[in-house]
Amino acid sequence: MADGDKKKKGFMAEFREFISRGNVMDLAVGMIIGSAFTAIVNSLVNDVVMPLISLLIGGISFQQWNITMGSGKDAPVLGLGNFIAAVIDFLLIALVIFIIVKAINDLHEVAEEKKGVKEGPAAPTTKICPYCRSEIPVDATRCPHCTSQLEKDA
């Protein structure tokens, strides 16, 4: 087998292993869901929030908020209204993601609390030597500090 073929197979095998890992698939699913979620938020901003804001400010559309830099039909235009819409879009996306992450974290805390209640407190791993009052392992038969022989607990 040629050295080049070995490198190709090694590279392809590594790539196959990389692409089949769970976290890569999770990332792909997250990207797909994120793009669909972005479409929903964009619709919320463009079809609900912006018309309400436009109504509050006198019926002016954000797309009309432009500054023309110069004169003539090919003069550059600063689209401030589009920029404001993008900022509101970003803030709404950030707010919704914050609410979702907070809800998921709260669910995890509730699950951990339920898990902790069912299991109860963990068994102690240390105890106090009755002779020297030092902390020692719970299953010790002799204190490593004062070397006293310890009685077995009933």
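Refer to the preceding data block for the structure.
Cut-offs used in this document
Residues numbered from 1 in each chain as written. Predicted model: local features only at pLDDT ≥ 70, side-chain atom pairs only at ≥ 80, totals over all residues. Heavy atoms only, no water. Helix = DSSP H or I, 4+ residues; strand = E, 2+ residues; numbered from the N terminus. Buried < 20%, exposed > 50% of the residue type's maximum accessible area, 1.4 Å probe, protein only. Contact = heavy atoms within 4.5 Å. Patch = residues over 30% accessible without salt bridge, like charges linked within 9 Å, V, L, I, M, F, W, Y side chains within 5 Å. Areas by Shrake-Rupley, 256 points an atom, 1.4 Å probe, with all protein chains shown as cover. Salt bridge = Lys/Arg side-chain N within 4 Å of Asp/Glu carboxyl O. Core = buried A, V, L, I, M, F, W, Y, C linked by side-chain atoms within 4.5 Å.

### Some points on the overall build of the protein
On a plain count of helices and strands, the protein comes out with three helices and four strands. Secondary structure elements of the protein, listed N to C terminal, follow the sequence α-α-β-β-α-β-β. Counting across all 154 residues of the protein, residues that qualify as buried make up 14%. Long-range contacts, defined as pairs at least 24 residues apart, comprise 19% of the intrachain contacts of the protein with a sequence gap of at least 6.

### Thoughts on a nonpolar patch on the surface
Together, Leu-56, Ile-57, Ile-60, Trp-65, Ile-67, Met-69, Leu-78 and Leu-80 make up an exposed nonpolar region whose accessible area comes to about 710 Å². Mapped onto the elements of the fold, Leu-56 is located in helix α2 (residues 22-56). The class of Leu-56 is exposed, set by a relative accessible area of 74%.

### What to know about the nonpolar core
Core analysis: the largest hydrophobic core is formed by eight residues, namely Val-41, Val-45, Val-49, Met-50, Phe-62, Ala-85, Ile-88 and Ile-93. Looking at this core, the elements with two or more residues in it are α2 and α3 (80-119). When residues no more than four places from it in sequence are discounted, the contact partners of Phe-62 are Met-50, Ile-53, Gly-81, Asn-82 and Ile-84. Counting residues in each nonpolar core, the second largest holds five residues, with Cys-129, Ile-136, Ala-140 and Cys-143 among its members.

### Comments concerning unusual backbone geometry
For Arg-133, which is not glycine, the phi torsion reads 65° and is therefore positive. Following the sequence through the fold, Arg-133 ends up in the loop between β3 (126-128) and β4 (135-137). Of note, Thr-147 is a non-glycine position whose phi angle comes to about 60°, a positive value. Inspection of the secondary structure assignment puts Thr-147 in the segment after β4.

### As for the side chain of Ser-134
Along the chain, Ser-134 falls in the loop between β3 and β4. You can call Ser-134 buried: its relative accessible area is 18%. If sequence neighbours within four positions are ignored, Ser-134 has contacts with Lys-127, Ile-128, Cys-129 and His-145.

### Observations regarding the environment of Val-138
Looking at the secondary structure, you find Val-138 in the segment after β4. You can call Val-138 partly exposed: its relative accessible area is 37%. Sequence spacing of Val-138 and Pro-124 is 14 residues, and the spatial spacing of their C-alpha atoms is 7.3 Å. In this view, Val-138 contacts Pro-124, Thr-125, Thr-126 and Lys-127; residues no more than four positions away in its chain are not counted.

### Describing the environment of Pro-124
Within the secondary structure, Pro-124 sits in the loop between α3 and β3. Placed 13 residues apart in sequence, Pro-124 and Pro-137 show a C-alpha to C-alpha distance of 9.1 Å.

Such coordinate-based values are descriptive only and should not be taken to indicate function.
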